[in-house]
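One-letter residues, chain by chain:
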Amino acid sequence: MVAPQNFLDFIDKNQDKFIDRLAEAVAIPSISGDASRREDVKKMASWLEAQLNKYGVKTQQVPLGQQHLEGKTLDLPPAILGRIGDDPNKKTVLVYGHFDVQPANKSDGWDTEPFKLHVDKRTGKMFGRGATDDKGPILGWLNVLETHHTLGLALPVNMVFCFEGMEESGSEGLDELIATEAQKGKQGWFGDVDCVCISDNYWLNTRTPCVTYGLRGIAYYQITISGPGSDLHSGIYGGAVFEPMTALITLMSKLVAIDGHILIPGVYDGVSAADADELKRYSELDYGVNDLESAAGGPVANSDDKVTVLMARSRNPSLSLHGIEGAFSGGGAKTVIPATVSGKFSLRLVPPQTPEDITKKVISYIESEFAKLGTKNTCKVEFLHGGKPWVADASHWSYEAAKQATEAVYLTTPNYTREGGSIPVTLTFADNLGVNVLLLPMGRADDGAHSTNEKMDISNFIKGSKLLGTYLYELADITLKKA
Ligand code: BES
Ligand code: MN
Ligand code: MN
């Protein structure tokens, strides 16, 4: 079924109104990782719930318990569950998204205030924290709902919503909610869901839309090395003591080689090599090393081969070093020996790797390498959070609907991609509900999620809203009967 013309026209005509709504959403600094912003995350939940209610979606706020953060006990932000439509002759689509964002300060290097949407009509770009990750895409769904509500159009499918405010901090509490609801079977909130659609990722480049069938998992660690009772003067103690920083840097240098090869024994166990078919699929994607480098803003690719680069960023595991807490990091030249330092790093995982299995290998390797140093320092390795990798069946009817919707809206066939980032709840939905999950991105490769000057192009926001709505129509068409 093609999407009705008045739906598409309404989206075009109401562009400015939709942008104003995005500005409202961006203005709420719903940073889940910052204890002092927890009220804003809750405010964002209530704002979103009110929007859904306005367009006929029945909702509930589900409390998810508490967490410890920065020495405080805090309520987790609630999940918003919603539902519109109850027609047994229609498919039921579950839409997931997250209304929390990464931290941002203008002083990080933003050109404009991160929590005040800056709309540059000349370039067609909208800058603000959450513009692409993930407020823009969530608002795409609102645009679809508002259009149907205002025009008095019935939605072509039943819709169930699950929005959370902790995704950027490991989706705390959500797995339990999904498992509990799934155990209730048909009576549960997700009882009649036929497929899941998530818009929380990006095109591979700045021109070709994607449908995405895989995400990497993650396992995040910190190594803490301690020694002296307090920071020391390097003139007084330097040369005579085992320095925690020296031990930490030595250990961190043994995790990954400069070409990205991971040095931890056994990490690659079970990770298959790509066969000829898979390599061919990557080689056919509209992508080049220059797409990576222009999105990254510098000549940084570690290979000149497109397929190697694509596989490195999404189908193979990786290890990144993130930072050192406790190290001297200010300006100037302080002559200090830090007493306690914590090195942070994470691995991105692919099937069949799991955070549990990788953690055993990481801990035993670091402990044995630390022992070899023969210092009197102490070493503690902690697993901070994790999520399993996910790969879906891209020949499923939901992917067919997404492909047809993309062709209708963008007049081109989408790239079929696996992504390097992680959304741990994706696999939770797939496993607990036993249904197909599709990722249908709105934004582009150069949007700068988590970065300074995060943006969404107006054209992606508007066409992306049409895409999400058109996908629902294509879905209704492909499967007239329940599977
Ligand atoms: N939207 C991203 C996930 C993503 C990133 C998809 C890149 C595709 C490409 C999501 O909001 C995110 O940032 N996830 C975290 C998860 C972590 C906190 C468990 C990530 O990937 O670091
Ligand atoms: Mn996201
Ligand atoms: Mn994110």
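Residues numbered from 1 in each chain as written. Chains lettered and ligands numbered in written order. Predicted model: local features only at pLDDT ≥ 70, side-chain atom pairs only at ≥ 80, totals over all residues. Heavy atoms only, no water.

As recorded in an unreviewed UniProt entry, the chain goes by Peptidase M20 dimerisation domain-containing protein and comes from Somion occarium.

## Looking at the site of ligand 1
We apply this condition: Here, proximity means that at least one heavy atom of the residue falls within 4 Å of the molecule or strand. Whenever two N or O atoms come within 3.5 Å, that pair is a polar contact, provided that in protein one can donate a hydrogen and the other can accept it, and provided that, for residues adjacent in sequence, both atoms are side-chain atoms. Here the accessible surface of atoms and residues is derived via Shrake-Rupley with a 1.4 Å probe, and residues count as covered only by protein chains that are part of the display. Under the grouping applied here, Gly and all other residues not named as nonpolar or charged are polar, the nonpolar ones being Ala, Val, Leu, Ile, Met, Phe, Trp, Tyr, Cys and Pro and the charged ones Asp, Glu, Lys and Arg. How far each domain reaches was decided by an automatic or database domain assignment.
Every one of the 16 residues lining ligand 1 counts as a neighbour, but Glu167, Asp200, Arg348, Ser422 and His450 are closest to it. Between aspartate 200 and ligand 1, the recorded distance is 2.8 Å, taken from a side-chain N or O atom to a nitrogen atom. Between arginine 348 and ligand 1, the recorded distance is 2.8 Å, taken from a side-chain N or O atom to an oxygen atom. Protein burial of ligand 1: of its 510 Å² of free accessible surface, 89% is covered by the chains. The residue makeup of the shell around ligand 1, split by class, is four nonpolar, six polar and six charged. Of the residues that make up the shell around ligand 1, three or more belong to each of domain 1 (5-215 + 389-482) and domain 2 (217-271 + 316-387).

## Here's the deal with the sheet that holds strand 16 (residues 378-387)
Through backbone hydrogen bonds, the strands of a sheet pair up, either in parallel or in antiparallel fashion. Put simply, the rule is: Two strands pair under a simple rule: DSSP has to find at least two bridges between them. Secondary structure follows DSSP: runs of H or I at least 4 residues long count as helices, runs of E at least 2 residues long count as strands, and numbering of each begins at the N terminus. Whenever a helix is involved, its axis is fitted only over the stretch in contact; in every case the axis is a line through C-alpha atoms, and angles between N-to-C directions fall within 0 to 180 degrees. Throughout, a residue-residue contact means that at least one pair of heavy atoms, one from each residue, lies within 4.5 Å.
Ordered by their spatial adjacency, four strands build an open sheet running 13-15-11-16, and the pairing between neighbours is antiparallel. On the outer flanks of this sheet lie strand 13 (318-325) and strand 16, each paired with one strand and no other. The average angle at which neighbouring strand axes cross in this sheet is 20°, direction not considered. Bridging between strand 11 (residues 217-226) and strand 15 (residues 340-349) involves 10 bridges; their strand directions are antiparallel. Counted as the bridge partner of threonine 224 is serine 342 from strand 15. Strands strand 11, strand 15 and strand 16 of the sheet are contacted by helix 11 (residues 355-373), whose axis makes an angle of about 165° with strand 16.

## Here's the deal with the environment of arginine 444
Along the chain, the position of arginine 444 falls in the loop between strand 19 (436-439) and strand 20 (455-457). Separated by 242 residues in sequence, arginine 444 and tyrosine 202 place their C-alpha atoms 4.9 Å apart. Other than its neighbours up to four places away in sequence, arginine 444 contacts Lys125, Tyr202, Trp203, Asn205, Thr206, Lys455, Asp457, Ser459 and Asn460. Separated by 3.5 Å, the side chains of arginine 444 and aspartate 457 make a polar contact.

## A word on the coordination of the manganese ion (ligand 2)
Going by this rule: Here a donor is an N, O or S atom found within 2.8 Å of the metal, or within 3.2 Å if the metal is Na, K or Ca; sites may look incomplete because water is not among the atoms. Geometry is assigned from the angles between donors: four donors with all angles from 85 to 135 degrees make a tetrahedral site, four or six donors whose opposite pairs exceed 155 degrees while the rest stay between 65 and 115 make square planar or octahedral sites respectively, and everything else is labelled irregular.
Distances from the manganese ion (ligand 2) to its protein donors, His98 (NE2), Asp133 (OD), Asp200 (OD) and Asp200 (OD), fall at 2.0 to 2.6 Å. What the six donor atoms of the manganese ion (ligand 2) show is an angle range of 55 to 166° at the metal, which sorts the shape as irregular. When the donors of the manganese ion (ligand 2) are listed by position in the chain, the intervening gaps give H-x34-D-x66-D. Here the manganese ion (ligand 2) and the manganese ion (ligand 3) are spaced 3.6 Å apart, and both take aspartate 133 as a donor. A residue pair is termed long-range when its members are at least 10 positions apart, and aspartate 133 in the loop between strand 7 (125-127) and helix 4 (135-151) and aspartate 200 in the loop between strand 9 (195-198) and strand 10 (210-215) qualify at 67 residues.

## A short note on the coordination of the manganese ion (ligand 3)
To keep it simple, the criterion reads: The cut-offs for exposure are 20% and 50% of the maximum accessible area for each residue type, with area from a 1.4 Å probe on protein chains only; residues under the lower value are buried, those over the upper are exposed, and the others partly exposed.
With distances of 2.1 to 2.6 Å, the protein atoms coordinating the manganese ion (ligand 3) are Asp133 (OD), Glu168 (OE), Glu168 (OE) and His450 (NE2). Coordination geometry of the manganese ion (ligand 3): the six donor atoms subtend angles of 54 to 156° at the metal centre, consistent with an arrangement described as irregular. Written as a sequence motif, the donor arrangement for the manganese ion (ligand 3) is D-x34-E-x281-H. You can call aspartate 133 buried: its relative accessible area is 5%. By relative accessible area, histidine 450 is classed as partly exposed at 42%.

## Considerations on the side chain of arginine 83
Along the polypeptide, arginine 83 turns up in strand 4 (residues 79-84). Setting aside its immediate chain neighbours within four residues, arginine 83 contacts Gly56, Val57, Lys58, Thr92, Asn158, Met159, Val160, Phe161, Trp189 and Asp192.

## A closer look at the domain arrangement of the chain
Put simply, the rule is: Two parts placed together each lose some accessible area under a 1.4 Å probe, and adding up what both lose gives the buried area. Should a side-chain nitrogen of Lys or Arg be within 4 Å of a carboxyl oxygen of Asp or Glu, the pair is scored as a salt bridge.
Domain annotation of the chain identifies domain 1 (5-215 + 389-482) and domain 2 (217-271 + 316-387). The gap between the C-alpha centroids of domain 1 and domain 2 is 35 Å. Listed per partner, the contact involves eight residues of domain 1 and eight residues of domain 2. Approximately 600 Å² of surface area, both sides summed, lies buried where domain 1 meets domain 2, with 63% of it carried by carbon and sulfur atoms. Counting the surface domain 1 buries against domain 2, the share from its top three residues, Pro389, Ser422 and Pro424, is 66%. Summed over the shared surface of domain 1 and domain 2, the result is zero salt bridges. Where domain 1 packs against domain 2, one counts two residue pairs in polar contact (both at pLDDT 80 or more). Class assignment of the residues belonging to the side of domain 1 that touches domain 2 gives a composition of four nonpolar, three polar and one charged.

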